[in-house]
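Each chain, letter by letter, is given below.
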Amino acid sequence: QGQVGESGGGGVQRGGARERTCAAAGGSDSNYVMAWFRQAPGKEREFVATIGRSGDYTYYADSVKGRFTISRDNAKNTVYLQMNSLKPEDTAVYYCAAASSIVPGTRRSEYDYWGQGTQVTVST
C-alpha cells in the first residue's frame with residue numbers, strides 16, 4: 001500500500017459519468033507524477049491516464065481518449081479522473097498511482113506507490 005488513496009467508485013449506467021479522486025498522504029502531491037490504472041476481472045492491470053507534476057502534460061490510453069480527463073490540484077494534494085460516456089467495458093477496479101520520476105509513463109513498473117483501488121461498475 002502506498003501513499004495514495006482513492007475515492008469515488010460505485011455503480012453507474014451506460015453513458016453516465018463518474019469522477020474519481022485520489023489524495024496523497026504524508027507528502028506533497030506535486031512531488032509526484034500521478035496516474036490511473038484499472039484492472040477488469042480476469043485481465044491484467046492496464047494504464048488509463050497520467051499527468052505531469054505541474055499538470056501541464058497529460059496522456060491517455062486510446063480506449064479512454066476523448067471520454068476521460070485527468071487533472072490535479074496540487075494545493076489540495078488531489079488528482080481527479082473525470083469519466084464521461086462510460087461503457088460496460090470500463091467496468092474495473094481503478095487504481096491511483098504515484099511516481100517519483102519526472103517523466104510520466106504508462107508502465108506499472110514506473111510507479112512507486114499505489115492505492116488500494118475502488119470498483120467502478122457500468123451497467124447496460
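Heads up: these notes are all about the structure in this document. Keep in mind that what you see is a predicted model, and the values were worked out from it rather than measured.

Here we take up the side chain of Glu6. Along the polypeptide, Glu6 turns up in strand β1 (residues 4-7). Arg20 provides the closest opposite charge to the buried, unpaired Glu6, separated from it by 5.2 Å. Separated by 2.8 Å, the side chain of Glu6 and the backbone nitrogen of Cys96 make a polar contact. Glu6 has contacts with Arg20, Thr21, Cys22, Trp36, Tyr94, Tyr95, Cys96, Gly115, Gln116, Gly117 and Thr118, leaving out every residue within four places of it along the chain.

Another point: the side chain of Arg45. Assignment of secondary structure puts Arg45 in the loop between β4 (33-39) and β5 (46-51). Glu6 provides the closest opposite charge to the buried, salt-bridge-free Arg45, at an N-O distance of 7.6 Å. Contact partners of Arg45, with chain neighbours within four places excluded, come to Phe37, Arg38, Gln39, Tyr95, Arg108 and Trp114.

Here Tyr57 lies in the loop between β5 and β6 (58-60). With 45 residues separating them along the chain, Tyr57 and Ile102 place their C-alpha atoms 11 Å apart. Excluding its chain neighbours within four sequence positions, the residues that come into contact with Tyr57 are Thr50, Ile51, Gly52 and Pro104.

Let's shift gears to unusual backbone geometry. At Asn77, a residue that is not glycine, the phi angle is positive and equals roughly 55 degrees. Among the structural elements, Asn77 can be located in the loop between β7 (68-73) and β8 (78-83). Despite not being glycine, Ser85 has its phi angle at roughly 50 degrees, a positive value. Exposure remark for Ser85: the relative accessible area of 42% places this residue in the partly exposed category.

Mapped onto the elements, Asn84 comes out in the loop between β8 and β9 (92-99). Looking at Asn84, the relative accessible area reads 32%, which means it is partly exposed. Beyond its immediate chain neighbours, meaning those up to four positions away, Asn84 contacts Gly16, Ala17, Arg67 and Phe68. A distance of 2.9 Å separates the side chain of Asn84 from the side chain of Gln82, its partner in a polar contact.

Of the two faces of β7, the one lined by Phe68, Ile70 and Arg72 is fully buried and the one lined by Thr69, Ser71 and Asp73 carries no buried residue. Two strands pair when backbone bridges link them, and β7 and β8 are joined in this way by six bridges, in the antiparallel orientation. Within β8, the residue paired with Ile70 across the bridge is Leu81. Hairpin remark: β7 followed by β8, antiparallel, with four residues in the connecting loop; positive phi at Asn77, about 55 degrees.

With that out of the way, let us pick up the pattern of salt bridges. Evaluation of the coordinates by the stated rule reveals five salt bridges. A salt bridge links Glu46 to Arg38; the shortest N-O distance between them is 2.7 Å. Between Arg107 and Glu110 there is a salt bridge, with its nearest N and O atoms 3.5 Å apart. Looking at Glu110, the relative accessible area reads 26%, which means it is partly exposed. Connected via shared salt-bridge partners are Arg38, Glu46, Arg67 and Asp90.

Reading the values: rules and limits
- Residues numbered from 1 in each chain as written.
- Predicted model: local features only at pLDDT ≥ 70, side-chain atom pairs only at ≥ 80, totals over all residues.
- Heavy atoms only, no water.
- Helix = DSSP H or I, 4+ residues; strand = E, 2+ residues; numbered from the N terminus.
- Buried < 20%, exposed > 50% of the residue type's maximum accessible area, 1.4 Å probe, protein only.
- Lys, Arg positive; Asp, Glu negative; His and termini not counted.
- Salt bridge = Lys/Arg side-chain N within 4 Å of Asp/Glu carboxyl O.
- Polar contact = N/O pair within 3.5 Å; in protein donor to acceptor, adjacent residues only side chain to side chain.
- Contact = heavy atoms within 4.5 Å.
- Pairing = 2+ DSSP bridges.

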